[in-house]
Amino acid sequence: MNRREFLKQMAAVTAMTAAATMFPGILFAEDQNKTLPNDDLTWKKAPCRFCGVGCGLLIGLSGGRAVAVKGDPASPVNKGLCCVKGYHSVMALYGADRLKTAYVRKNGELVPTPIKEALDLVAQKMQETIKTHGKDSVAMYGSGQWTIPDGYVASKLMKGAIGTNNLEANARLCMASAVTGFISTFGIDEPMGCYEDIDHADVFVLWGNNMAEMHPVLFSRILDQRLKRKDVKIIDLATRTTRTSMAADKSILFLPQSDLALANAICYEILRNGWENKSFIEKHCHFKSGKTNIGYGVEDKFAFKDENTDITFDQYKKFLEDYTPEKVEQISGVSAKDIRYLASLYGDPNRKVTSFWCMGMNQHTRGTWINNLVYNIHLLVGKISTPGNSPFSLTGQPSACGTVREVGTLTHKLPHGVVMNEEARKKAAKIWKVPVENIPPKPSLHTVEMFRALDRGEVKFMWIQVTNPMVTIPKLNRYREGAQKAGRFIVVSDVYPTPTTDIADVILPSAMWIEREGMFGNSERRTQHFEKMVDPPGEAMSDTWQIIEVARRMGFQELFPWDEATHIEEIWKEYTQFHAGEKHGMAPYEVLKERPGVMWPFVNGKETKWRFNAETDPAAKDGDPFKFYGKPDGKAWILARPYEPPAEEPDDEYPFWLNTGRVLEHWHTGSMTRRIPVLHKAMPHSYVELNPEDAKELGIRNGENVLLTSRRGKITLPASINERGVPPRGQVFVPFFDENLLINELTLDAFCPISKQPDYKKCAVKVQKALKSES
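Residues numbered from 1 in each chain as written. Predicted model: local features only at pLDDT ≥ 70, side-chain atom pairs only at ≥ 80, totals over all residues. Heavy atoms only, no water.

Caption draft 1: Highlighting the overall build of the protein. Looking only at helices and strands, the protein features 26 helices and 33 strands. On C-alpha atoms alone, the protein measures out to a radius of gyration of 25 Å, which is about the 28 Å that the 2.2 N^0.38 rule sets for 775 residues. Counting only C-alpha atoms and orienting by the principal axes, one finds that the protein spans roughly 70 × 65 × 60 Å. Residues classed as buried in the protein amount to 66% of the 775 residues present. A separation of at least 24 residues holds for 73% of the contacts in the protein among residues at least 6 apart in sequence. Total accessible area on the protein is roughly 27200 Å²; 49% of this is exposed by carbon and sulfur atoms. (Helix = DSSP H or I, 4+ residues; strand = E, 2+ residues; numbered from the N terminus. Rg over C-alpha atoms; globule rule 2.2 N^0.38 Å. Buried < 20%, exposed > 50% of the residue type's maximum accessible area, 1.4 Å probe, protein only. Contact = heavy atoms within 4.5 Å. Areas by Shrake-Rupley, 256 points an atom, 1.4 Å probe, with all protein chains shown as cover.)

In C-alpha cells, the structure reads:
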C-alpha cells in the first residue's frame, strides 16, 4: 500500500476506546472488544510533542507499549488538561507504515538497507563532498522538534568539528522574527514572562493568533480566568473570523500587513492622552530608528544589515504623527473608534495587559518590526516583566525555544551567543575542545537561502532531520525540483514516509519521542525531561545517536565520546556549561528528572518567572526596579518602525489575498497526526475558506472544488463556506497539513530581511470555480 492510499484509509483503521469519565485521559485498545483497566498501567511523565506550549502528559504503559494518555495534574503548564492532539498523542507511535529500517536509493529505487550500512554511506558521502567541494557544500536542516541533545550534537558536528555554519532548523520558518524582535528591543532572547501571567492579566490582546485552535490549552486557561473574574477581557485582532473571534469579547479585523500601522496608532494614542509611564521610560528606555524600505528577500543572495540610530522622544512623537487613528483607519480598515479603544486598554493604569502572538506576527515580511512595535506599546506604559503584564510570543513546536533558540541551531548562532562574536567562538571552542579557527566567524545560509543554494548547486549534500520541507518550504515547486537535480545527495531522518523522504537518497528510521530519552524547551523557558519508555521499532535510532554514529565514522570520535546508555546526561552536563550564571542558568539533570519541567534562569535552586524585574530576577538586582541586561546599559529600545506594504498584493489578475496556517486536529504537515485515526477522520483533507459573498459571486457552493492560482502554481481543493473560519471579502485561507494538496506550491518565498523568516500569510491568488477536468 502506498502512502496516499494508506492515509485515505485511516478512518477505517483501528479504533480507540475512551475512559469512562470525561477526559481523565484516553485509554487505547488493540481492538473494539479489548479494554485495559487503569490499575494495570504504569504511568510516566513526558511533555507533549505536538506544540510549543509544553503540556505535561502522563503516559500509560502496558506490555512494552504506550497505551494511554492523560494530562499531568502536577504540570504548571496545563494542570491536567490536554487538547485533542495531546490526548491521542501515543497513537502516533503505531502507524502501519512506520519506518523501521533504513533505505538507500539504488538505480532510482529506495531499497531496504541495514542501518549500519546506511550510516556508513552517509559519513562517506559527507566526507567525499567536503573533500571535493569544500566544507560549505554540506548542510544540515533540523527542527524545533529536535530534542535539546539532538540539536546540541548537530551544532557541535557542523560548527565545531566540520567547521561550517550551514546548520539551520525549521524554526526559522516559525519564530525567527520573535528572536530578532526580542534581541533588537532587549538585547537578549526569549520571553520575560511565563504562563502564570494568564492568572494575573485583566486584558488579553491576541495579535493575529487563533489561540482557540493553535494553543487550545492556554486559551482554556484564559477562558477560565474570564469565568472567575468578570472584568477580564479578550480582544481578538485578526485578518479572519475564527473560533477565537467567536470566544472573544471583541473581534477586530484588520487588512493584511496593516498591523504595523495599527500598533503605531496605539502608541500615538497613548502619548496623545498622556497615558505613558514617564518615569519608566526615562529610567529604562532609549528611542531608536532603523533603516526603512528594506526589501523582501525575493531575489537569490539577498543581503541586508540593519543600522539603528538614536532619536529623541520628541522625534519619536513626530514619527507617530503619520499614524493617527483616522489615517490608520484608511490603511487597516479598523475604525478610529476601535483603535482608541485598544489604546485605552493598554493605557489604563488599573488594567494588567498580556499580548499573545504567534505566526500571524512572525511569518511576516516585517516580522521583526511588528514584534518591536508591540514591545513599544508595553514599554511606553511600563506594563512589562510583572505578573499579568507581558508581551509574549508563543511557539508552535515542542522545542523551538529549547533546541533552536537556546542551543542555537541556526547559521548565526552558538549555544550562548553568535558566531560573529569572538568571545562566543572562544567559549564554544573551549567547551567543544576544538581550535577556535574551526568555527567560522560569519553566518552562511539561512533556511530559504540554503534551499536556494541547493537548487543552484552550491550545496551538494543535505541531511534533513525531524522535519518535512517538501511540504513546508514556500515557493515549493522550485525547491523540490532543485533538491532532485543531478549531483545532490539528500539524507532524511524521519519516523514515517513523507514527500521529503520521497526525494531522499538515504532514509534513516528515527526513534520517536518516548522511544528515546531527551529534553524539550517550551515557550515559557521551561526545560522538560522525558525518559525512554518503550523500544523503537526495528532498527529505528534516536536522531542524537544517528549524528554521533556519523560523526565517529568521520573521525571525530574524541568530540563525541559518550556511551549510548548515559549519553543524554553527559550531553546535558556539557551543554549547560554554556549557560552557567544568573542570566541563563539551567537546572541540573537530576532536578529535571524529578520535576514536570523547570524554568530558566534556575538560580540557587529557584526558577525565575519574570526576567528583568529586580523582585524576581537575581540578574536584575542592582538597585533599579528593572534592568534589561541584554543591553549594555540595561535599557530597552523603543524602535520607530514604519508601515511598509507586503511583497505582493492583489491586483486585477490575482485579486485575492491567500493566507495559510494550521487546524486544531493536525500538527504542521500532518505526517504524524494524519496517522491517528480519530484525528484523520475529524479532518481528512484540506480546504479553502471563502467569504460567503465572494463564493456567491463566483457561483461556488460549500464543498465544490475551487481552483486557486498564483504566479507560482495552482491547486484545486474543496470550498469551505461559513464553517470553521470566515475570511473577509477578498481573502481566502488554506491550511497546510495535507500533503496531497500542497498549498506551498502557491506561496511566495519573501521574508523579513532582518529575521529571514518567510511570510506565509500574504500573497496574491486568483479564485475560480474548478471545471470538472480540474477537479
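Caption draft 2: Structural view of empty space enclosed by the protein. For the structure shown, the criterion picks out 5 cavities of 30 Å³ or more. One number sums up the size of the second largest cavity: a volume of about 90 Å³. As for the second largest cavity, its lining consists of 13 residues, of which C51, C55, C83, P216 and V217 are closest to the centre. Its residues assigned to classes, the lining of the second largest cavity comprises 10 nonpolar, 2 polar and 1 charged. Counting the residues that make up the lining of the second largest cavity, at least three belong to each of domain 1 (3-94) and domain 3 (176-394 + 628-640). (1 Å grid on protein atoms, 1.4 Å probe; cavity = no way out; pocket = protein on both sides within 12 Å on 5 of 7 lines; lining within 4 Å. Points joined across faces, edges and corners; volume = space filled by probe spheres on them. Nonpolar A, V, L, I, M, F, W, Y, C, P; charged D, E, K, R; others polar. Domains from an automatic or database assignment.)

Caption draft 3: Up close: the packing of helix 18 (residues 447-456) against helix 20 (residues 476-483). Between helix 18 and helix 20, the shortest axis-to-axis distance is 8 Å and the interhelical angle comes to 50°. Taken together, the axes of helix 18 and helix 20 are oblique relative to one another. The interaxial crossing formed by helix 18 with helix 20 has left-handed handedness. Contacts between helix 18 and helix 20 involve V448, F451, R452, L454, D455 and R456 on the former and, on the latter, R478, Y479, G482 and A483. Here the residues of the contact of helix 18 with helix 20 sort into 5 nonpolar, 1 polar and 4 charged. (Axes fitted to C-alpha atoms, helices over the stretch in contact; angles between N-to-C directions. Parallel < 35°, antiparallel > 145°, perpendicular 65-115°, else oblique. Left-handed = near helix turned anticlockwise from the far one by under 90°.)

Caption draft 4: The environment of C267, seen in detail. Position of C267 among the secondary structure elements: in helix 9 (residues 259-272). For the pair C267 and V381, spaced 114 residues apart in the sequence, the C-alpha separation amounts to 9.3 Å. Leave out the neighbours within four places in its chain, and C267 touches Y316, L320, L373, N376, I377 and L380.

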